[in-house]
Amino acid sequence: MQVAIGGTFDPVHDGHRELFRRAFELGDLTVGLTSDDLAPETRHVDRYVRPWSERKADLEAELEPLAEEYDREFEIRKLEEPTGIATEPQFDVLIVSPETQEGGERINEIREQRGHDPLEIEVVDHVTAADGDRISSTRIVSGEIDRHGNLTPEREGRGKFPPDGVESASTCDAE
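Per chain, the residues get numbers from 1 upward, laid out in the order the sequence is written. Given that the model is predicted, a residue must reach a pLDDT of at least 70 before its local features are reported, and side-chain atom pairs must reach 80 or more before they are shown or counted; all residues, however, enter totals for whole chains, interfaces and linings. The basis for the side-chain values is all heavy atoms of the structure; hydrogens and waters are excluded.

## Digging into the overall build of the protein chain
Thinking step 1. A run of DSSP states H or I qualifies as a helix once it reaches four residues; a run of E qualifies as a strand once it reaches two. Both are numbered from the N-terminal end. Each helix and strand counted, the protein chain has four helices and five strands in total.
Thinking step 2. Element order for the protein chain, N to C, with α for helix and β for strand: β-α-β-α-β-β-α-β-α.
Thinking step 3. Categorising residues by exposure relies on relative accessible area from a 1.4 Å probe, with only protein chains included: less than 20% of the type maximum marks a residue as buried, more than 50% marks it as exposed, and the intermediate range marks it as partly exposed. The buried share of the protein chain, reckoned over its 175 residues, is 45%.
Thinking step 4. For this analysis, residues touch if any pair of their heavy atoms sits within 4.5 Å. Put simply, of all contacts in the protein chain between residues at least 6 apart along the chain, 70% involve residues at least 24 apart.
Thinking step 5. Computed by Shrake-Rupley with a 1.4 Å probe, the accessible areas treat only the displayed protein chains as cover when residues are assessed. About 9000 Å² of surface is accessible on the protein chain, with carbon and sulfur atoms providing 44% of the total.

## Some remarks on the sheet that holds strand β3 (residues 74–79)
In a beta sheet, neighbouring strands are held together by backbone hydrogen bonds and run either parallel or antiparallel to one another.
Thinking step 1. What the five strands build is an open sheet, ordered β3-β2-β1-β4-β5; its pairing is parallel. Across the chains shown, the open sheet's two edge strands, defined by having one partner strand only, are β3 and β5 (120–123). Between one strand and the next, the sheet's axes are offset by a mean angle of 25 degrees, whatever the strand orientation.
Thinking step 2. Should DSSP find at least two bridges between two strands, the strands are taken to pair. Here strand β1 (residues 2–7) pairs with strand β4 (residues 93–96) via two bridges, running parallel. Pairing of V3 across the sheet is with V93, part of β4.
Thinking step 3. Here, axes are lines fitted to C-alpha atoms. For helices the fit covers the stretch in contact, and angles between N-to-C directions go from 0 to 180 degrees. Sitting on the sheet, helix α2 (residues 52–70) touches β2 (28–34) and β3, and the angle it makes with β3 is about 160 degrees.
Thinking step 4. Where helix α3 (residues 101–113) meets the sheet, its contacts fall on β4 and β5, and the angle it forms with β5 comes to roughly 175 degrees.

## Considering unusual backbone geometry
The phi torsion of most residues other than glycine is negative, and most of the peptide bonds are trans.
Thinking step 1. D10 connects to P11 through a cis peptide bond whose omega is -5 degrees.
Thinking step 2. With respect to the secondary-structure elements, P11 resides in the loop between β1 and α1 (14–26).
Thinking step 3. In this model, F9 sits at a positive phi of 50 degrees, which is unusual for a non-glycine residue.
Thinking step 4. Within the secondary structure, F9 sits in the loop between β1 and α1.
Thinking step 5. Phi angles above zero are rare outside glycine, and D71 is one such case at about 55 degrees.
Thinking step 6. The topology assignment puts D71 in the loop between α2 and β3.

## Side note on the confidence of the model for the protein chain
Thinking step 1. For the protein chain, mean pLDDT is 89; residues scoring 70 or higher make up 89% of the total.
Thinking step 2. For the stretch residues 167–175, pLDDT sits under 50, and the model shows 49 contacts to residues farther than four places along the chain or on other chains. Summary of the metric used: pLDDT quantifies the predictor's per-residue confidence within the range 0 to 100.

## Remarks on the environment of A129
Thinking step 1. Structurally, the position occupied by A129 is in the loop between β5 and α4 (137–142).
Thinking step 2. The spacing of A129 and R139 is ten residues in sequence and 9.9 Å in space, taken between C-alpha atoms.
Thinking step 3. Contact partners of A129, with chain neighbours within four places excluded, come to R134, I135, R139, I145 and G149.

## Some details on the pattern of salt bridges
Thinking step 1. For this document, the term salt bridge refers to a Lys or Arg side-chain nitrogen within 4 Å of an Asp or Glu carboxyl oxygen. Under the defined criterion, the tally for this structure stands at 15 salt bridges.
Thinking step 2. Notably, a salt bridge pairs R77 with E88, separated by 2.6 Å at the nearest N-O pair. Of this pair, R77 sits in strand β3 while E88 sits in the loop between β3 and β4, and the two are eleven residues apart along the sequence.
Thinking step 3. When its relative accessible area of 23% is taken as the criterion, E88 is described as partly exposed.
Thinking step 4. The residue D131 makes a salt bridge to R139 at a minimum N-O spacing of 2.5 Å.
Thinking step 5. According to the relative accessible area criterion, D131 is partly exposed, its value standing at 36%.
Thinking step 6. Via salt bridges that share partners, D10, R50, E54 and D58 belong to a single interconnected network.

In structure tokens, the structure reads:
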């Protein structure tokens, strides 16, 4: 099976890892990684998002051992529009989280309009942090939790702006 998933993945956390694991259980994975221009359009919290190349490198480091564990292949492609790669005919399954399930249904509407078979939509539940709320990149970047959901009240977050000397067109969040 050909599996698709999309997101900003900044930073990658245990919730993302669950999405990736489910994807590799099903087949080979293609990840649509939001471009620097798209990232702010798909987020609701204003904060600095690292450049695409940095996010891609981190994502590759996360996916390589999982792909090896499941004996699967993966590819990372730049996502330029929210419905992105999943509207392409070669995919069989779309992995989503509960808050992106509606977007998956919209993708299937587009696929139908284009004469493609609908995707099987696999919803992977959130992973909860130590406080019972879900793990999200927003919470990690704000300093509330780490990538595993441990509470980190002493840690400062990343903030809304890039570090001094770093330029970015993107200043929003990735869930």
